[in-house]
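# Architecture and fold: a report
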Amino acid sequence: MPTVGRNSPCTCGSGKKYKKCCGGPGSTQNAPVQPAQSGSVDLNQTNVSPPSERLLSAIALHQEGQLERAKDAYQTLLRENPNGSDAMHYLHYLGMIEHQDGQYSEAIRLIEQAIKRQHDIPAFHCNLANAYTQAGQVDAANHAYQTAIKLAPQFHQAHFNLHALRVRLNDVDSAIECLQKAVAIAPQNPIYQFHLAMLLDYSGQPEIAAKHFERIENVDEVSRAMLDAWQYIKG
């Protein structure tokens, strides 16, 4: 099987090139709507063999936003080789497409099937947690994120996504702890720095928050706009 080139579609299905997703520093892996934020450590390759050329071609369609064609390609591959080494990936990516289409129950079913094929891939559990979150199954989402983190403690996107779940549950202190872990792993990520600064500011720790705001003040126009928006909201 071929290795994943830096300009190839990322095997996590994020719709990005590998070098700008799981193979690049400071990237962010989020919910499958933008399937996946992983980062400086290639966590989606943890415990995974390199994908086949046909799978990479299907991922390229996914990357281009051609979801129906990608779905057909994954389904064809699954029908042809339902017990092959890549079958878990077909199920996982099909689940991510269902997530993108808002079909969260079906996304959960498919990703759970992928996990049954191989339970120790952190990205599977993170994306399962994303689907659980969208479906309102917060306890299941929390457990899935914790599983992803246990499998890969450096999986900063899992820490980041878990923070969002904790915010949803009004557990600000725990959310801050999750963000602090994400920032410690990926300090160059301005999104993590910004969210941590906001929560610290909100929780009455403006001096600590200011240090994180300063780190992203001159990163790019997007970061500047986020800072301006936060100041507007506060004002």
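Residues numbered from 1 in each chain as written. Predicted model: local features only at pLDDT ≥ 70, side-chain atom pairs only at ≥ 80, totals over all residues. Heavy atoms only, no water.

### Looking at the packing of aromatic side chains
As enumerated under the stated definition, the model contains 3 aromatic pairs in all. An angle of 25° between the planes, with centres 4.9 Å apart, marks the rings of phenylalanine 160 and tyrosine 192 as stacked. Here the residue phenylalanine 160 occupies a position in helix α7 (residues 156–168), and tyrosine 192 occupies one in helix α9 (residues 190–202), the gap between them amounting to 32 residues. Given the relative accessible area of 7%, phenylalanine 160 is considered buried. Among the residues examined, tyrosine 192 registers a relative accessible area of 0% and is labelled buried. (Phe/Tyr/Trp six-rings, centres within 6.5 Å; stacked < 30°, edge-to-face > 60°. Helix = DSSP H or I, 4+ residues; strand = E, 2+ residues; numbered from the N terminus. Buried < 20%, exposed > 50% of the residue type's maximum accessible area, 1.4 Å probe, protein only.)

### Section: the environment of valine 172
Looking at the element boundaries, valine 172 is found in helix α8 (residues 172–185). C-alpha of valine 172 to C-alpha of serine 203: the two residues are 31 residues apart in sequence and 7.6 Å apart in space. When near neighbours in sequence (up to four residues on either side) are disregarded, valine 172 contacts Leu199, Tyr202 and Ser203. (Contact = heavy atoms within 4.5 Å.)

### Structural notes on the confidence of the model for the protein
In the predicted model, the protein carries a mean pLDDT of 81, and 78% of its residues have values of at least 70. Here residues 1–6 is modelled with pLDDT under 50, and outside its nearest four sequence neighbours on either side it reaches 20 contacts, counting other chains as well. Long-range and interchain partners of residues 22–45, a stretch whose pLDDT sits below 50, account for 96 contacts in this model, where long-range means more than four residues apart. (pLDDT = per-residue confidence, 0-100.)

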